[in-house]
Amino acid sequence: MEQIINTMNATILFKDIGPSLGTRVLGAEIRTSIIDKINTNEKVYLDFDGVDVVTNSFADECFRKLRETINNDVFRSKVAFINTNDFVQRVIISAL
Amino acid sequence: MEFQISMKDLAKSHSQTLKICNELVQQFRIEPTTEVRIDFAECTFIYPDYALLLLCTIKYIESLGYNVKGKIYVSQSSVPVNYLAGMNFFENLQVKLPFQVDSANGDSSVTIQRYTKENQLEVLNSILKILRDKSSMNDNVYTGLDYCFNEILDNVLNHSEEKEGWVAAQYFEKINSIRLIVCDYGIGIHKSLNIKHNFDEEEAIFKCIEEGVTNGKGQGHGLYATSEFIKLNKGWLSVISGNKILNVSDKETVIKDIDNWQGTSIYIRINTNVEVDYTAFTSKNYDYKEKVFGDMFG
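Residues numbered from 1 in each chain as written. Chains lettered and ligands numbered in written order. Predicted model: local features only at pLDDT ≥ 70, side-chain atom pairs only at ≥ 80, totals over all residues.

Student: It is not clear to me how the overall build of chain B should be interpreted in this structure. Could you clarify?
Tutor: What chain B contains, in helices and strands, is 12 helices and 8 strands. The globule rule puts the C-alpha radius of gyration for 298 residues at 19 Å, and the 20 Å found for chain B is close to it. If one aligns the C-alpha atoms of chain B with their principal axes, the spans along those axes are about 65 × 45 × 35 Å. Counting over 298 residues, chain B shows a buried share of 48%. (Helix = DSSP H or I, 4+ residues; strand = E, 2+ residues; numbered from the N terminus. Rg over C-alpha atoms; globule rule 2.2 N^0.38 Å. Buried ≥ 20, exposed ≤ 12 C-beta atoms within 10 Å, placed from the backbone.)

In structure tokens form, the structure reads like this:
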């Protein structure tokens, strides 16, 4: 996971993983990385530039469980989704 | 004792393939030293999904501890033999053909691949890339295929209680169609859903495409979304598990009895030129949740 995290900017570049994000295992790994970043940064940007698809399974494992783990207010104030296409945005919002 | 498999007979239909695969399993249970004879005589065409079902069955028998050995009768000029060689069918059976084959399958086939959680994304992306590059697929069809294929692959590893699955695919340019199959020899849908429910076998396979029906390890969305995508695309979905097959199309959803399949197989056929509105299967509670979380997206 270290390769995809730019610690200076607290940004996770999902395109470095691939254009298609689908597994629960991957979702759980990234959730852990996001929590680490949240603990040491004001804001964590989740950059989906170059990502075509995320699945409900991935979004559920990564983002819904993240929201439940860190509570809703912290999630809303410290996490931002950027460069999501319409499909990715729909899947993530529906999973939350 | 010898067990003969005529590839000509096997290649007739899914039900015929499943019948032969089941007989092969039963044969090894009765006679563990059985020798298998696979004969390609008079076989002029075979779909990759039929071949993968046979391959997966042999892997299953080996997983039970039996040593599967025998002979494969092939002709160098056989089109199906060359095709399956290009799909790595023989390689996956650890059989080396005694001659060079013309394995150029027009670059529109996806070789038979074993996948695990370690290489799942790599396998998925390599398959999607081939299908995207070789077919003139509408963008929304591609997105739907990507989404559903991901969910199907993940389902196998999350629910089968096996550590591997098998996959193969083929694009047919003349009819704008993709056939794709994912197989495992795990616990099957009935046992998997009954970790949480108390369904009979027919209920289980019918319920597995309903939204929210899950064994607790997921959200029960993957096969629901896949079935909705297939209906919108006017394609075909078969869910094969145990003694049942569930067939889904835009016209009907039906369950039939089949010879036993030891795990689960998901077969889809999609039309690359039939547009799909993905909001129909990705937007559960979207309007409400968009009001709550929409400002987090920029």
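Student: Could you clarify how one ought to interpret the pairing of strand E3 (residues 69-73) of chain B in this entry?
Tutor: Looking along a regular strand, one sees the side chains alternate between the two faces of the sheet. Residues and elements named next belong to chain B. Direction of pairing for strand E2 (residues 35-39) relative to E3: parallel, over a ladder of 5 bridges. Residue pairing across strands places Ile 38 opposite Ile 72, the latter belonging to E3. For the segment spanning E2, helix H3 (residues 48-63) and E3, crossover handedness is right-handed. (Pairing = 2+ DSSP bridges. Right-handed = clockwise from strand over helix to strand, strands pointing away.)

Student: Is there a simple way to explain the domain arrangement of chain B in this structure?
Tutor: Accessible area lost on assembly of the parts is the figure often given for the size of an interface. All names here are of chain B. What the domain assignment lists for chain B is domain 1 (1-94) and domain 2 (109-284). Taking the mean C-alpha position of each, domain 1 and domain 2 sit 23 Å from one another. Listed per partner, the contact involves 21 residues of domain 1 and 20 residues of domain 2. Contributing elements (two or more residues each) for the side of domain 1 that touches domain 2: helix H2 (14-30), H3 and helix H5 (89-92). Tallied by class, the residues present in the side of domain 1 that touches domain 2 amount to 11 nonpolar, 7 polar and 3 charged. (Domains from an automatic or database assignment. Contact = placed C-beta atoms within 7 Å. Nonpolar A, V, L, I, M, F, W, Y, C, P; charged D, E, K, R; others polar.)

Student: Is there a simple way to explain the sheet that holds strand E1 (residues 2-6) of chain B in this structure?
Tutor: The strands making up a sheet associate through hydrogen bonds between their backbones, and the pairing can be parallel or antiparallel. All names here are of chain B. What the 3 strands build is an open sheet, ordered E1-E2-E3; its pairing is parallel. With partners counted over all chains shown, the strands left at the sheet margins are E1 and E3, one partner each. Sheet twist, expressed as the mean angle between neighbouring strand axes with direction ignored, is 15°. (Axes fitted to C-alpha atoms, helices over the stretch in contact; angles between N-to-C directions.)

Student: Help me understand the interface of chain A and chain B in this model?
Tutor: Taken together, the 27 residues of chain A in the interface contact 33 residues of chain B. Mapped by element, the contributors of at least two residues to the side of chain A that touches chain B are helix H1 (24-40), helix H2 (56-70), strand E6 (79-82) and helix H4 (86-95) of chain A.

Student: Got a minute to help me understand H2(B) in this structure?
Tutor: Think of an α-helix as 3.6 residues a turn; residues three or four steps apart then line up on the same face. All names here are of chain B. In this model, H2 (17 residues) spans 24 Å end to end at C-alpha, consistent with the 24 Å of a helix rising 1.5 Å per residue. All of the buried residues in H2 are His 14, Thr 17, Leu 18, Ile 20, Cys 21, Leu 24, Val 25 and Phe 28. Each buried residue of H2 lies within a common arc of 165° when the element is viewed along its axis, so the set occupies one face. The exposed set on the far side of H2, more than 90 degrees from its buried face, consists of Arg 29 and Ile 30. Among the structural elements, E1, helix H1 (7-10), H3, strand E7 (236-248) and strand E8 (253-271) are those in contact with the buried residues of H2. (Expected span 1.5 Å × (residues − 1). Arc of directions from axis to C-beta.)

Student: Looking at this structure, how should I read the nonpolar core?
Tutor: Within soluble globular proteins, side chains that are nonpolar generally end up buried alongside one another. If you look at the biggest cluster of nonpolar residues, it comprises 117 residues, and the most contacted ones within it are Val54(A), Ile92(A), Ala51(B), Leu52(B), Leu55(B), Leu84(B) and Cys208(B). Here this core gets 10 residues from one element, more than from any other, and that element is H3(B). Both domain 1 (1-94) and domain 2 (109-284) of chain B contribute no fewer than three residues apiece to this core. With sequence-adjacent residues up to four places away left out, Ile92(A) is seen in contact with Val54(A), Ala59(A), Phe63(A), Phe81(A) and Thr84(A). (Core = buried A, V, L, I, M, F, W, Y, C linked by C-beta atoms within 7 Å.)

Student: Explanation requested: the packing of H1(A) against H2(A) in the structure shown.
Tutor: If you want to describe how two helices pack, look at the angle between their axes and the distance between the axes. All names here are of chain A. Where H1 meets H2, the axes come as close as 8 Å, and the angle between the chain directions of the two elements is 35°. Considering how the two elements wind past one another, H1 and H2 form a crossing that is right-handed. Residues Arg 24, Leu 26, Gly 27, Ala 28, Ile 30, Arg 31, Ile 34, Ile 35 and Ile 38 of H1 form the contact with H2, whose own contacting residues are Ser 57, Phe 58, Glu 61, Cys 62, Lys 65, Leu 66, Thr 69 and Ile 70. Residues that form the contact of H1 with H2 fall into these classes: 10 nonpolar, 3 polar and 4 charged. (Left-handed = near helix turned anticlockwise from the far one by under 90°.)

Student: What is the right way to look at the sheet that holds E7(B) in this model?
Tutor: Residue and element names in this part refer to chain B. As summarised here, the arrangement of the 5 strands in space is E4-E5-E6-E8-E7, forming an open sheet in which the pairing is antiparallel. Two strands bound the open sheet, and with one partner strand each, they are strand E4 (109-115) and E7. Sheet twist, expressed as the average angle between the axes of neighbouring strands with direction ignored, equals 15°. As defined by bridge partners, strand E6 (residues 177-184) adjoins E8 across 8 bridges and the pair is classed as antiparallel. Bridging from a neighbouring strand, Val 182 pairs with Ile 266 of E8.

Student: Sorry, what's going on with unusual backbone geometry here?
Tutor: As a rule of thumb, non-glycine residues mostly have phi less than zero, and peptide bonds are mostly trans rather than cis. A positive phi angle, close to 75°, is found at Asn71(A), a residue other than glycine. Its place among the elements puts Asn71(A) in the loop between H2 and helix H3 (72-78). Judged by C-beta crowding, with 9 C-beta atoms within 10 Å, Asn71(A) ranks as exposed. Of note, the phi angle at Glu42(B) is positive, near 65°, even though the residue is not glycine.

Student: Which parts of the structure should I look at to understand the packing of H2(B) against H3(B)?
Tutor: Residue and element names in this part refer to chain B. At a minimum axis separation of 10 Å, H2 and H3 run at an interaxial angle of 15°. When the axes of H2 and H3 are compared, the pair comes out roughly parallel. Along this stretch, H2 crosses H3, giving a crossing that reads as right-handed. Residue-level contacts link Thr 17, Leu 18, Cys 21, Leu 24, Val 25 and Phe 28 of H2 to Tyr 50, Leu 53, Leu 54, Thr 57, Tyr 60 and Ile 61 of H3. Split into classes, the residues belonging to the contact of H2 with H3 amount to 10 nonpolar, 2 polar and no charged. (Parallel < 35°, antiparallel > 145°, perpendicular 65-115°, else oblique.)

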